[in-house]
Amino acid sequence: MQKLVEKIEKLKKERNAIILAHNYQLPEVQDVADYRGDSLELSRMAAKSDAKIIVFCGVHFMAETASILSPDKTVLMPDKNAGCPLANMITAEDLRELKERHPKAAVVGYVNTPAAVKAELDICCTSSNAVNVVLSLKNAEEIIFVPDKYLGDFVSKKTGRRLVLWDGYCPTHVKILPEDIIHSVRLHPHAKVIAHPECTPEVIALADEALSTGKTCAYVRKSDAKEFIIATEVGLVYRLQKDNPGKKFYPASEHAVCPNMKRTTLEKVLWSLEEIKDEVRVSDEIRRKAKKAIDAMLAIP
Ligand code: 13P
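Conventions we followed
- Residues numbered from 1 in each chain as written.
- Predicted model: local features only at pLDDT ≥ 70, side-chain atom pairs only at ≥ 80, totals over all residues.
- Heavy atoms only, no water.
- Near = heavy atom within 4 Å.
- Polar contact = N/O pair within 3.5 Å; in protein donor to acceptor, adjacent residues only side chain to side chain.
- Areas by Shrake-Rupley, 256 points an atom, 1.4 Å probe, with all protein chains shown as cover.
- Nonpolar A, V, L, I, M, F, W, Y, C, P; charged D, E, K, R; others polar.
- Buried < 20%, exposed > 50% of the residue type's maximum accessible area, 1.4 Å probe, protein only.
- Helix = DSSP H or I, 4+ residues; strand = E, 2+ residues; numbered from the N terminus.
- Contact = heavy atoms within 4.5 Å.
- Pairing = 2+ DSSP bridges.
- Right-handed = clockwise from strand over helix to strand, strands pointing away.
- Axes fitted to C-alpha atoms, helices over the stretch in contact; angles between N-to-C directions.
- Parallel < 35°, antiparallel > 145°, perpendicular 65-115°, else oblique.
- Left-handed = near helix turned anticlockwise from the far one by under 90°.

Novice: Help me understand the site of the ligand, please; the structure alone is not making it clear to me.
Specialist: In the neighbourhood of the ligand, 13 residues make up the surrounding shell, with H22, S39, H196, E198 and T213 lying closest. The contact in question runs from an oxygen atom of the ligand to an N or O atom on the side chain of H22, over 2.7 Å. With the chains in place, 95% of the 300 Å² that the ligand exposes on its own is no longer accessible. Residues that form the shell around the ligand fall into these classes: three nonpolar, eight polar and two charged.

Novice: Where do I start with helix α12 (residues 235–243) in this structure?
Specialist: Each α-helix winds once per 3.6 residues, and so residues spaced three or four apart point in a common direction. G235, L236, V237, R239 and L240 are the residues of α12 that are buried. Buried residues belonging to α12 abut α2 (27–32), β2 (35–37), α11 (213–222), β11 (227–231) and β12 (248–251).

Novice: Just checking my understanding: could you explain the pairing of strand β1 (residues 17–22) for this structure?
Specialist: Look at any regular strand and the pattern is simple: side chains alternate between the two faces of the sheet. Buried residues dominate β1, accounting for six of its six residues. Bridge count for β1 against strand β3 (residues 53–57) is five bridges, and the pairing is parallel. Along β3, the bridge assignment pairs A17 with I53. Bridge analysis of β1 against β2 gives three bridges, and the strand direction is parallel. The residue bridging A21 from the neighbouring strand is R36, located in β2. Handedness of the crossover joining β1 and β2 through α2: right-handed.

Novice: It is not clear to me how the sheet that holds β11 should be interpreted in this structure. Could you clarify?
Specialist: Through backbone hydrogen bonds, the strands of a sheet pair up, either in parallel or in antiparallel fashion. In space, the four strands of this open sheet follow the order β10-β9-β11-β12, with parallel pairing throughout. Every interior strand has two partners, whereas the edge strands, β10 (209–210) and β12, have only one. Bridge count for β11 against β12 is four bridges, and the pairing is parallel. Among the inter-strand pairings, I230 is bridged to a residue of β12, identified as P251. Against the sheet, α11 engages β9 (192–195), β10, β11 and β12, with an angle of about 165° to β9.

Novice: Explanation requested: the packing of helix α1 (residues 2–15) against helix α13 (residues 266–275) in the structure shown.
Specialist: Each packed pair of helices is defined by two parameters, the angle between the axes and the distance between the axes. Running from N to C, α1 and α13 cross one another at 30°; their axes reach a closest spacing of 10 Å. Considering their axes alone, α1 and α13 lie roughly parallel with respect to each other. Considering the relative orientation of α1 and α13, their crossing is left-handed. Facing α1, whose interface residues are L4, V5, K7, I8, L11, K12 and R15, α13 presents L266, E267, V269, L270, L273 and E274. A per-class count over the contact of α1 with α13 returns eight nonpolar, no polar and five charged.

Following this line, the structure appears as structure tokens:
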């Protein structure tokens, strides 16, 4: 493995490339990355980096967002088949029909959507800023929120706004059951429970906090607690443990594994740098419209 890492490091410099890895990536992929982060942190990083090539270790909508923000950079996916089933639960056509039924509604969409759906939004959001995005729409009579119904339910409870929701959900997060939390708490009674807002409302109700992966990292760093039960994709536990060696982390469910996030391997990262293949690109028209919705989100502190 050391040889592979050395080859990647060398080629990365020669090609003026950076490697971005989402917090759910395999441990060895997180370790070779220049930056690890949640969806919002990685979007911001992609926009501000001056590297020529971005190797995006995550899922398709994330690489697409990076390309929308930085069309002059080459955004590569080490495995182009790493999709997001939640993102694919709504199409641009579905959203246009929903908008026709609610013509006065402001339209908020999770970053976990294809670019063509983002092009139909007024504003994008991630799990890290969804509450603030909805709060920013003070004058909206009605708000559509797509596609994650559980994130939408969480945001609706936090903001007191009724939202028009879509029937989407993350197949990995719904594998975490309330019984898993109850069982973990019995085993680790002093641990704080942190759930991702893509979890079901029943799981979130049992958690101390519902936070994005990036906010979970920040919360754990500052917390006086020594043990944490983590209700999200298991990849985050590796990062938390590495960054906080004095604290203990327990995944709420070993079943919460996103098969798409695990498609990216070190070998594929190397091949992508060697061959500069599988570039993610968005057509100009869609890109311009989608960028407006992403820029509106990035303008929110
Ligand atoms: P974060 O933005 O919290 O990293 O979540 C991304 C995601 O796709 C969760 O499934």
